[in-house]
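Take a look at the letters that make up each chain.
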Amino acid sequence: MATCEVCNNEYDRAFTVTTADGGKHVFDCFECAIHALAPSCAHCGCRVIGHGVGEGGDIYCCDACARQETKAGAHAHAGAS
């Protein structure tokens, strides 16, 4: 039986996530995995569990947060004024 590294729950169906850098993490549910591994939006702080929006090296949960943070808009068309 494995123990979740976030909530310390011992669970017979826990799973291991291996990250790109070779790290291994054990969780009892996706909620704990998201809490531990998903990036946070640079504007509002919510966990980004989808594709998100990258802008200036930061990640945002949506274009609205990217626009509010950067004041330029993450999806501005090239050459648009």
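Residues numbered from 1 in each chain as written. Predicted model: local features only at pLDDT ≥ 70, side-chain atom pairs only at ≥ 80, totals over all residues. Heavy atoms only, no water.

Caption draft 1: View of helix α2 (residues 63–70). Those residues of α2 not exposed but buried are Asp 63, Cys 65 and Ala 66. What you see down the axis of α2 is that its buried residues fit within an arc of 160 degrees, all on one side. The secondary structure elements touched by the buried residues of α2 are β5 (53–55) and β6 (58–60). Positive backbone phi, approximately 65 degrees, marks Lys 71, located one or two places after α2. (Buried < 20%, exposed > 50% of the residue type's maximum accessible area, 1.4 Å probe, protein only. Helix = DSSP H or I, 4+ residues; strand = E, 2+ residues; numbered from the N terminus. Arc of directions from axis to C-beta. Contact = heavy atoms within 4.5 Å.)

Caption draft 2: Local environment of the confidence of the model for the protein chain. Residues with a pLDDT of 70 or more make up 88% of the protein chain, whose mean pLDDT is 88. Every residue in residues 76–81 is under pLDDT 50, and counting partners more than four places away or in other chains gives zero contacts. (pLDDT = per-residue confidence, 0-100.)

Caption draft 3: View of unusual backbone geometry. The backbone of Asn 8 sits at a positive phi, close to 65 degrees, despite the residue not being glycine. By the secondary structure assignment, Asn 8 is in the loop between β1 (2–3) and β2 (10–11). Here Asn 8 falls in the exposed class, since its relative accessible area comes to 56%.

Caption draft 4: Spatial organisation of the packing of aromatic side chains. Applying the stated criterion across every chain, the model contains two aromatic pairs. Measuring from centroid to centroid gives 6.2 Å for Phe 15 and Phe 27, while their planes differ by 50 degrees, and the two rings are tilted. Taken together, the residues Phe 15 in strand β3 (residues 15–18) and Phe 27 in strand β4 (residues 24–27) connect sequence positions twelve residues apart. Given the relative accessible area of 23%, Phe 15 is considered partly exposed. Measuring from ring centre to ring centre gives 5.2 Å for Phe 15 and Phe 30, while their planes differ by 45 degrees; the resulting arrangement is tilted. A residue pair is termed long-range when its members are at least 10 positions apart, and Phe 15 in strand β3 and Phe 30 in helix α1 (residues 30–37) qualify at 15 residues. (Phe/Tyr/Trp six-rings, centres within 6.5 Å; stacked < 30°, edge-to-face > 60°.)

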